[in-house]
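Residues per chain are reported as follows:
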Amino acid sequence: MKTMQKVLVIGSKGMLGQELVQIFSEDKNFKVISWDRDEVDITNKKELQEKITELKPKLILNAVAYNAVDKCEEDEKEFELAKKVNGLAPGYLAEIAKKIGAIFVHYSTDYVFGKEMPKIPEPKGCTGSCGSCGLHENFEPEIGFDEEASPAPVNKYGESKLLGEQEVQKNGEKYYIVRLSKLFGKPAQSKDAKKSFFDVMLEVGKKNNPPAGGVKAVDEETSCFTYAPDLAQKTKEIIEAEKEFGIYHIVNSDACTWFEAVEELYAQAGLDTKIEPVSGDEFPRPAKRPYFSVLLNTKLNPLRSYKEALQEYLKSEKLIK
Ligand SMILES: NC(=O)c1ccc[n+]([C@@H]2O[C@H](COP(=O)([O-])OP(=O)(O)OC[C@H]3O[C@@H](n4cnc5c(N)ncnc54)[C@H](OP(=O)(O)O)[C@@H]3O)[C@@H](O)[C@H]2O)c1
């Protein structure tokens, strides 16, 4: 019989953290210890070190986040906090995990990309300078950032998350850095929890159902949605399969813009609300967003489409019949 593995989930009341707790708790081979802000401040290295060394978990999952993208763009103090929570603290955790021989999982984001567009792959045999070699016919490559692409963020939040990746790589040993994008799922349990995009747009859509008018949605920022329970499940699979340590991209399939996602949402919810595609300039925000930040998963079996996951979410939360 396998011995029970102690798993520490930090940020356990967050949108992702609560799903990690759920998935690992369902398996008798794991004993889950859940910490959030009340149990530990991850920016306090000494406290972290003492508490984790005493607990001696075999696996540490860090689902803590500073995610006020606009606030940290404008306010220097907030940016300092973002760098501590998203940047330095993951490095402390990686170092502690190394000392006690634990596996460490840290989550990052598509926002580490965006300054440059991804490379467009050429078909095999094409020199890249032809235009008429004939090899391009029926060649439909997936376009996006793979796990090896060089990060180049467009905003300060992205910089803080990139710092986190670098600190984990510098200080860690047995680690997984898992990038995801546009997380959705049950709202977090923590007190200041933000609603995810689909919850917000569903409310807006219901209010603006005909004849009340329509809604505008940005037809830009193409990337993939990630359903929190799917990500938690895949995290467990990586651990159990003892995949090679390193960077992974875990997102649901079917990249889309915000506008396309709202179209799908309203179709599933049976709403006739009119949706107008607009450019990002219609909703000016302090922090720039990547225009295109599709993450390509080249190392794992792909996750299902976000459309299927969305339907499961809406049904499970009784938001649709
Ligand atoms: N949400 C997205 O769309 C998205 C996109 C890409 C990547 N990600 C990444 O996915 C991971 C999970 O994000 P999430 O959206 O699930 O986060 P979340 O719902 O905001 O949860 C984060 C949790 O961490 C806690 N926390 C914050 N600062 C802490 C500190 N100093 N010490 C201890 N706990 C602290 C929060 O408590 P309070 O609520 O009290 O602050 C909250 O319970 C993060 O790495 C995030 O960067 C998220």
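First things first, this report covers the structure right here in the doc.

Scoring rules and cut-offs
- Residues numbered from 1 in each chain as written.
- Predicted model: local features only at pLDDT ≥ 70, side-chain atom pairs only at ≥ 80, totals over all residues.
- Helix = DSSP H or I, 4+ residues; strand = E, 2+ residues; numbered from the N terminus.
- Axes fitted to C-alpha atoms, helices over the stretch in contact; angles between N-to-C directions.
- Parallel < 35°, antiparallel > 145°, perpendicular 65-115°, else oblique.
- Left-handed = near helix turned anticlockwise from the far one by under 90°.
- Contact = placed C-beta atoms within 7 Å.
- Nonpolar A, V, L, I, M, F, W, Y, C, P; charged D, E, K, R; others polar.
- Core = buried A, V, L, I, M, F, W, Y, C linked by C-beta atoms within 7 Å.
- Buried ≥ 20, exposed ≤ 12 C-beta atoms within 10 Å, placed from the backbone.
- Near = placed C-beta within 6 Å.
- Pairing = 2+ DSSP bridges.

What follows covers unusual backbone geometry. Phi at lysine 56 takes a positive value of approximately 50°, unusual for a residue other than glycine. Here lysine 56 is to be found in the loop between α2 (45–55) and β3 (59–62). Its identity is not glycine, yet lysine 182 carries a phi of approximately 40°, on the positive side.

A separate point is the packing of helix α4 (residues 76–100) against helix α5 (residues 156–171). Any two packed helices are characterised by how steeply their axes cross, that is the angle between the axes, and by the distance between the axes. Where α4 contacts α5, the axes come no closer than 8 Å and their chain directions differ by 15°. Judged on the interaxial angle alone, α5 and α4 are roughly parallel. α4 and α5 meet at a crossing whose hand is right-handed. Contacts from Phe79, Ala82, Lys83, Asn86, Gly87, Leu88, Pro90, Gly91, Ala94, Glu95 and Lys98 in α4 reach Lys156, Tyr157, Ser160, Lys161, Leu163, Gly164, Glu167, Val168, Lys170 and Asn171 in α5. Residues belonging to the contact of α4 with α5 are distributed by class as follows: eight nonpolar, six polar and seven charged.

Attention now moves to the nonpolar core. In terms of nonpolar packing, the biggest core is built from 83 residues, with Val9, Leu16, Leu20, Leu93 and Phe104 touching the most fellow members. With eight residues, the top contributor of residues to this core is α4.

As a further point, take the site of the ligand. Every one of the 28 residues lining the ligand counts as a neighbour, but Gly11, Gly14, Leu16, Leu183 and Ser190 are closest to it. At the level of secondary structure, the elements contributing two or more residues to the shell around the ligand comprise α1 (15–25) and β4 (103–109). Counting residues per element, the shell around the ligand draws most heavily on α1, at three residues. Grouping the amino acids of the shell around the ligand by side-chain chemistry returns 13 nonpolar, eight polar and seven charged.

With that settled, the discussion passes to the sheet that holds β3. Reading across from one edge, β2-β1-β3-β4-β5-β9 is the order of the six strands in this open sheet, with parallel pairing throughout. A strand with exactly one partner marks an edge of an open sheet, and here the two such strands are β2 (30–35) and β9 (246–249). Shown here is a sheet whose adjacent strand axes are inclined to one another by a mean of 20°, direction ignored. As paired elements, strand β1 (residues 5–10) and β2 share six bridges and run parallel to each other. The residue bridging glutamine 5 from the neighbouring strand is phenylalanine 30, located in β2. α1 contacts β1, β2, β3 and β4 of the sheet and is inclined by roughly 160° relative to β2. Those strands touched by α4 are β3, β4 and β5 (175–180), and its axis lies near 160° from that of β4.

In contact at an axis separation of 10 Å, helix α6 (residues 197–207) and helix α8 (residues 258–269) are set at 60° when each is read in the N-to-C sense. By the angle between their axes, α6 is oblique relative to α8. The hand of the α6/α8 crossing is right-handed. In this structure, α6 contributes Phe198, Met201, Leu202 and Gly205 to the contact, and α8 contributes Val262, Leu265, Tyr266 and Ala269. Tallied by class, residues from the contact of α6 with α8 come to seven nonpolar, one polar and no charged.

With that out of the way, let us pick up the environment of lysine 234. Assignment of secondary structure puts lysine 234 in helix α7 (residues 228–240). With 209 residues separating them along the chain, lysine 234 and serine 25 place their C-alpha atoms 15 Å apart.

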